Amino acid sequence: MRMPDSLIIEKTLNNEATEEEAREVVRWFATPEGQSWLSARMDQDERLISLGEEMEWMDHEIPSRIMYERIMRQLRRQRIRRIVAYAAAVLIPMALALTLFVQVNSRVNLLADDKYEEIYVPNGERMQVLFQDGSKAFLNAGSRLRYPRQFTLSERKVYLEGEAWFEIEKSRRPFIVGLSDFDVSVLGTTFDVKAYPDEEAVVVTLETGTIRLESAYFQTHRLTPGETAVYDKRSRRCEVQYCPGIERYSAWRHNVLYFKDTPLDEVIRMLTRKYDKSFVVKDPAALRYSYTITMIGADLPAVLEDLEKITPVRFVENGEMIEIWMRE
């Protein structure tokens, strides 16, 4: 680590530095070079203090007994000063660190408690969350997010159940999305996480930046833009692959329905969350079909009408329920 500017060091010692300046100086004091500089500074101060007493020994005669007593007192003072200097070499960095701790804690809350806020987005709705560091999370229907009232100095961690698109502000503190079986760790990026409890796979897609997947069940994976990680909950295997047009995975936040070879049972789950409508399969043969279609801002009747054009599957509204039949 490079030595900070001497003016910044002096400002820090005089408690006149800014938070960032004090942070830099404290980190340098913790290095061997910083400790050596601090020790030399203490010796210099000690010498200056001693020189201030030299006038007592000039321009007048001093009896030998008085001189002896003064020399002994001087030696005792020198010993005490040296002990104090060594103690100061340890205590001053600690005092500076404590001052910095108080300053940073007022903004970051180093001793943040374990109290969390929780947001649940019911089916048929979406919600955007803005965190205290400026990061954003856009939650899809049927999602639950737990986050601390205030992030700590070491990390910014939230817990997700469902689907969310994240836009993370850059920081030295990692932003971590905790899932059931692994964590997604980032510094500054945009990505989508789909982790619904009723689905067999967790899908993480990266649009910009870099993210890291860490788990006890598989080796750490680092994703680059355009890559998707698919984690199978049963086998606990995670596979990463490149997917062109990665933006389609977060198209839901723009009110876009995107299906590509999507099985009907998955289509039903997505429609249930988006429109808060219940479906019941009356003819199991309908589950053999998959759908490839993109629909923008359509209401449920229009969506069902377009789906009926693709396969011989019928969607019949019966009160609060949508029944699924095969066309006769």
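Within any chain, residue numbers begin from 1 and follow the written order of that chain's sequence. Given that this is a predicted model, residues contribute local features only at a pLDDT of at least 70 and side-chain atom pairs are listed and counted only at 80 or more, while totals for whole chains, interfaces and linings are drawn from all residues. Hydrogens are left out, water is left out, and the side-chain values use all remaining heavy atoms of the structure.

(A) Examining the overall build of the protein chain more closely. A run of H or I in DSSP becomes a helix once it reaches four residues, and a run of E becomes a strand once it reaches two; helices and strands are each numbered from the N terminus. A count of helices and strands for the protein chain gives 6 helices and 18 strands. When accessible area is computed with a 1.4 Å probe and restricted to protein chains, residues below 20% of their type maximum are described as buried, those above 50% as exposed, and intermediate ones as partly exposed. Expressed as a percentage of its 328 residues, the buried residues of the protein chain come to 40%. Throughout, a contact is declared for two residues whenever any of their heavy atoms are within 4.5 Å. Considering only intrachain contacts with a sequence separation of at least 6, the fraction spanning at least 24 residues in the protein chain is 48%. Per element, the accessible surface of the protein chain, about 19,000 Å² overall, is 51% carbon and sulfur. Note on areas: these come from Shrake-Rupley sampling with a 1.4 Å probe, and a residue is covered only by the protein chains present in the view.

(B) The confidence of the model for the protein chain, seen in detail. The quantity known as pLDDT measures the predictor's confidence residue by residue, on a range of 0 to 100. Taken as a whole, the protein chain shows an average pLDDT of 82; of its residues, 77% reach a score of 70 or greater. Throughout residues 104–108 the model reports pLDDT below 50, and contacts reaching past four residues in sequence, or to other chains, amount to 14 contacts.

(C) Structural context of the packing of helix 1 (residues 6–13) against helix 2 (residues 19–29). Helix 2 packs onto helix 1 with a crossing angle of 95 degrees between their chain directions and a minimal axis gap of 9 Å. Overall, the two elements helix 1 and helix 2 adopt an arrangement that is roughly perpendicular. Seen from helix 1, the contacting residues are Ile8, Ile9, Lys11, Thr12 and Leu13; seen from helix 2, they are Glu21, Ala22, Glu24, Val25, Trp28 and Phe29. Gly is placed with the polar residues, together with every amino acid not listed as nonpolar (Ala, Val, Leu, Ile, Met, Phe, Trp, Tyr, Cys and Pro) or charged (Asp, Glu, Lys and Arg). Residue composition of the contact of helix 1 with helix 2, grouped by class: 7 nonpolar, 1 polar and 3 charged. Note on definitions: angles span 0 to 180 degrees between N-to-C directions of axes, and those axes are lines fitted to C-alpha atoms, for helices only across the stretch in contact. Between 65 and 115 degrees an angle is taken as roughly perpendicular, under 35 as roughly parallel, over 145 as roughly antiparallel, and anywhere else as oblique.

(D) View of the side chain of Glu227. Within the secondary structure, Glu227 is located in strand 12 (residues 227–232). In this count, Lys and Arg are taken as positive residues and Asp and Glu as negative ones, while His and the chain termini are left out. A pairing counts as a salt bridge when a side-chain nitrogen of Lys or Arg comes within 4 Å of a carboxyl oxygen of Asp or Glu. Salt bridges are absent for the buried Glu227, whose nearest opposite-charge side chain, Arg222, sits at 9.3 Å. Side-chain atoms alone can form a polar contact between residues adjacent in sequence; in general such a contact is a pair of N or O atoms within 3.5 Å, and within protein one must be able to donate a hydrogen while the other accepts it. For Glu227, the side chain forms a polar contact with the main-chain nitrogen of Thr224, separated by 2.9 Å. Apart from the residues lying within four places of it in its own chain, the contact partners of Glu227 are Val204, Thr205, Leu206, Arg222, Val240, Gln241, Tyr242 and Ile246.

(E) Spatial organisation of helix 5 (residues 264–275). In this model, helix 5 (12 residues) spans 16 Å end to end at C-alpha, consistent with the 16 Å of a helix rising 1.5 Å per residue. For helix 5, the complete set of buried residues consists of Leu264, Val267, Ile268, Leu271, Arg273 and Tyr275. The inward-facing, buried residues of helix 5 contact strand 14 (256–263), strand 15 (278–281), strand 16 (290–296), helix 6 (300–308), strand 17 (313–318) and strand 18 (321–326). Working rule for helices: expected span equals 1.5 Å times residues minus one.

(F) Representation of the packing of helix 5 against helix 6 within the structure. Two elements in contact, helix 5 and helix 6, have axes whose closest approach is 12 Å; the angle formed by their N-to-C orientations is 165 degrees. Of the possible angle classes, the one that applies to helix 5 and helix 6 is roughly antiparallel. Relative to helix 6, the crossing made by helix 5 is right-handed. Of helix 6, the residues touching helix 5 (which contributes Val267, Leu271 and Tyr275) are Leu300, Val303, Leu304 and Leu307. Take the far helix as the reference: if the near one is turned anticlockwise from it by less than a right angle, the crossing is left-handed, and if turned clockwise, right-handed.

(G) Geometry of the sheet that holds strand 17. By this definition, two strands are paired if DSSP reports at least two bridges between them. Spatial strand order, 15-18-17: 3 strands in an open sheet with mixed pairing. Both edges of this open sheet fall to strand 15 and strand 17, since each of them pairs with a single strand only. Taken over all neighbouring pairs, the strand axes of this sheet differ in orientation by 30 degrees on average, direction set aside. Bridging between strand 17 and strand 18 involves 6 bridges; their strand directions are antiparallel. Note on strand 18: the bridge partner recorded for Phe315 is Ile324. This element, helix 6, spans strand 15, strand 17 and strand 18 of the sheet and lies at about 155 degrees to strand 17.

(H) Inspection of unusual backbone geometry at higher detail. Positioned with a positive phi, Asn255 is a non-glycine residue whose angle comes to about 65 degrees. Within the fold, Asn255 resides in the loop between strand 13 (237–242) and strand 14. Of note in this structure, Asp261 is not a glycine but carries a positive phi near 50 degrees. Tracing the chain through its elements places Asp261 in strand 14.

(I) Quick peek at the nonpolar core. Core analysis: the largest hydrophobic core is formed by 33 residues, its most contacted members being Phe166, Val184 and Phe191. Considering every element that reaches this core, the biggest residue donor is strand 5 (residues 156–167), with 4 residues. Each nonpolar core is a collection of buried residues, namely Ala, Val, Leu, Ile, Met, Phe, Trp, Tyr and Cys, held together in the definition by side-chain atoms within 4.5 Å. In terms of nonpolar packing, the next biggest core, distinct from the first, is built from 22 residues, Leu257, Ile268, Val303 and Val313 among them.

(J) Representation of helix 1 within the structure. Residues of helix 1 that are buried: Ile8, Ile9 and Thr12. Mapping the buried residues of helix 1 onto a view down its axis gives an arc of 100 degrees, with all of them on the same face. Two or three places before Leu7, at the opening of helix 1, Asp5 has a side-chain oxygen 2.8 Å from that residue's backbone nitrogen. The arc under discussion is defined with respect to the helix axis, by the directions toward the C-beta atoms.

(K) Spotlight on the pattern of salt bridges. Per the stated rule, a full pass over the model turns up 17 salt bridges. The partner of Lys277 in a salt bridge is Glu317, with the nearest N and O atoms 3.7 Å apart. With a gap of 40 residues between them, Lys277 in the loop between helix 5 and strand 15 and Glu317 in strand 17 connect regions that are remote in the sequence. In this structure Lys277 comes out as buried when scored by relative accessible area, which is 15%. With relative accessibility at 55%, the residue Glu317 sits in the exposed group. When salt bridges with common partners are traced through the structure, they connect Lys194, Asp198, Glu199, Glu266, Arg269 and Arg273 into a single cluster.

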